[in-house]
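Below are the chains, spelled out letter by letter.
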Amino acid sequence: MVIHIESRIKAIEAARVSLDKKAKDTLILELKDLTFIADYFVICSGENVSQVKAIVEYIGEILKRDYGIKPMRIEGLG
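Sequence order sets the numbering: in each chain, residues are counted from 1 along the sequence as written. Confidence filtering applies because this is a predicted model: local features only for residues at pLDDT of at least 70, side-chain atom pairs given and counted only at 80 or more, and all residues used for totals across whole chains, interfaces and linings. Side-chain measures were taken over the full set of non-hydrogen atoms in the model, leaving aside hydrogen atoms and water.

1. Observations regarding the packing of helix H1 (residues 7-20) against helix H2 (residues 49-67)
In this description, a line fitted to the C-alpha atoms serves as the axis of each element, helices being fitted only across the stretch in contact, and the angle between N-to-C directions of two axes falls anywhere from 0 to 180 degrees. A run of DSSP states H or I qualifies as a helix once it reaches four residues; a run of E qualifies as a strand once it reaches two. Both are numbered from the N-terminal end. The contact between H1 and H2 brings their axes to 9 Å, and the two run at 130 degrees. Regarding the angle of H1 to H2, the classification is oblique. The handedness of the crossing between H1 and H2 is right-handed. Residues Glu-13, Ala-14, Val-17, Ser-18 and Asp-20 of H1 pack against Ile-55, Tyr-58, Ile-59, Ile-62, Leu-63, Asp-66 and Tyr-67 of H2. Each angle is binned into one of four classes, with values under 35 degrees roughly parallel, values over 145 roughly antiparallel, values of 65 to 115 roughly perpendicular, and all other values oblique. Definitions for this section: a left-handed crossing has its near helix turned counterclockwise from the far helix by less than a right angle. A right-handed crossing has that turn clockwise. In what follows, residue pairs with any heavy atoms lying within 4.5 Å of each other are defined as contacts.

Structure, rendered in structure tokens:
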């Protein structure tokens, strides 16, 4: 089941969930008037590669479970 929710709410939820895994410097950038690629970017960091991976996986898990959505693209795991 896919629930259609506003992109702003998705960004806020992703940022909120990142804090559950102790993400640092969490930031939401509003881009909707600057580009057609995305309305928002959620940026955060972790202490090490393992924590960053845990943050990414947790955000994906919660957004899929609660809203039926998944990120279109994830940067920083390479």
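Let's pick the thread back up.
2. A few points about the layout of surface pockets
The definitions used throughout rest on a 1 Å grid laid over the protein atoms alone, on which a cavity is an enclosed set of points accommodating a 1.4 Å probe that cannot get out and a pocket is an open set flanked by protein within 12 Å on both sides along at least five of seven lines; lining residues are those having an atom within 4 Å of a point. Grid points are joined across faces, edges and corners, and a volume is the space filled by probe spheres set on the points. In this structure, the largest pocket spans a volume of roughly 1100 Å³. Taken together, 27 residues make up the lining of the largest pocket; nearest its centre are Tyr-40, Phe-41, Val-42, Pro-71 and Arg-73. The set of elements that each furnish at least two residues to the lining of the largest pocket consists of H1, strand E2 (40-45) and H2. Ranked by residues supplied to the lining of the largest pocket, first place goes to E2 with 6 residues. The classification used treats Ala, Val, Leu, Ile, Met, Phe, Trp, Tyr, Cys and Pro as nonpolar, Asp, Glu, Lys and Arg as charged, and all other residues, Gly among them, as polar. Looking at the lining of the largest pocket residue by residue, the class counts come to 18 nonpolar, 4 polar and 5 charged.

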